[in-house]
Amino acid sequence: MDKLNQWTFRWLLEHGNMAEDSTLYTCNSIESAQSLLESALIIGQSPSLIIFDHADHATEKNLAFSKELHNGIPESWIIEIIPDDMPLPEDSRDDSTFWIRRPVSEEEWCATLENVLHKNCSPQWAKWTQHKSFRGI
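Computed from a predicted structure; not experimentally measured. (Residues numbered from 1 in each chain as written. Predicted model: local features only at pLDDT ≥ 70, side-chain atom pairs only at ≥ 80, totals over all residues. Heavy atoms only, no water.)

A.B. asks: What is the right way to look at helix H4 (residues 106–119) in this model?
C.D. replies: Counting along an α-helix, one turn takes 3.6 residues, and residues three or four places apart therefore face a common direction. Taking 1.5 Å per residue as the helical rise, H4 with its 14 residues ought to reach 20 Å, and the 18 Å between its terminal C-alpha atoms agrees with that figure. For H4, every residue scored as buried is listed here: Trp109, Thr112, Leu113, Val116 and Leu117. (Helix = DSSP H or I, 4+ residues; strand = E, 2+ residues; numbered from the N terminus. Expected span 1.5 Å × (residues − 1). Buried < 20%, exposed > 50% of the residue type's maximum accessible area, 1.4 Å probe, protein only.)

Right under this line is the structure:
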């Protein structure tokens, strides 16, 4: 996770004033993440990006929390880092879900950040641009 934080911070610095408006938190448990997210949501500050690392294997608790995040904060991008041998859940195939298999390269990570933080400001925007009637502006 330290590498991802460094790569993310570097990417934010390279993209104008994004670093000035950004706060990075790391949590080492679902409980601390829930508490932190609850506090942010109470004051009306949905995170732009949530990175959820399933570590060596996804547990039922992790998968339940992941689903809770996707359902409860649809305006936030959620990138899930999964073990190389983990099958993707069947309900994870929409355009607003990002799954990255471990090990993650810096190039892959930066391309993902470019997509979720620069090209598509929110999952809803990404879904709208994928709609058949979208012709661009």
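A.B. asks: How should I be thinking about the packing of aromatic side chains in this particular structure?
C.D. replies: Geometry of an aromatic ring pair is reported as the spacing of the ring centres plus the angle between the planes. Following the criterion strictly, the structure yields 1 aromatic pair and no others. On the basis of an interplanar angle of 55° and a centroid distance of 5.5 Å, the ring pair of Phe52 and Phe65 is categorised as tilted. Here the residue Phe52 occupies a position in strand S1 (residues 49–53), and Phe65 occupies one in helix H3 (residues 60–72), the gap between them amounting to 13 residues. Overall, Phe65 belongs to the buried group, its relative accessible area being 5%. (Phe/Tyr/Trp six-rings, centres within 6.5 Å; stacked < 30°, edge-to-face > 60°.)

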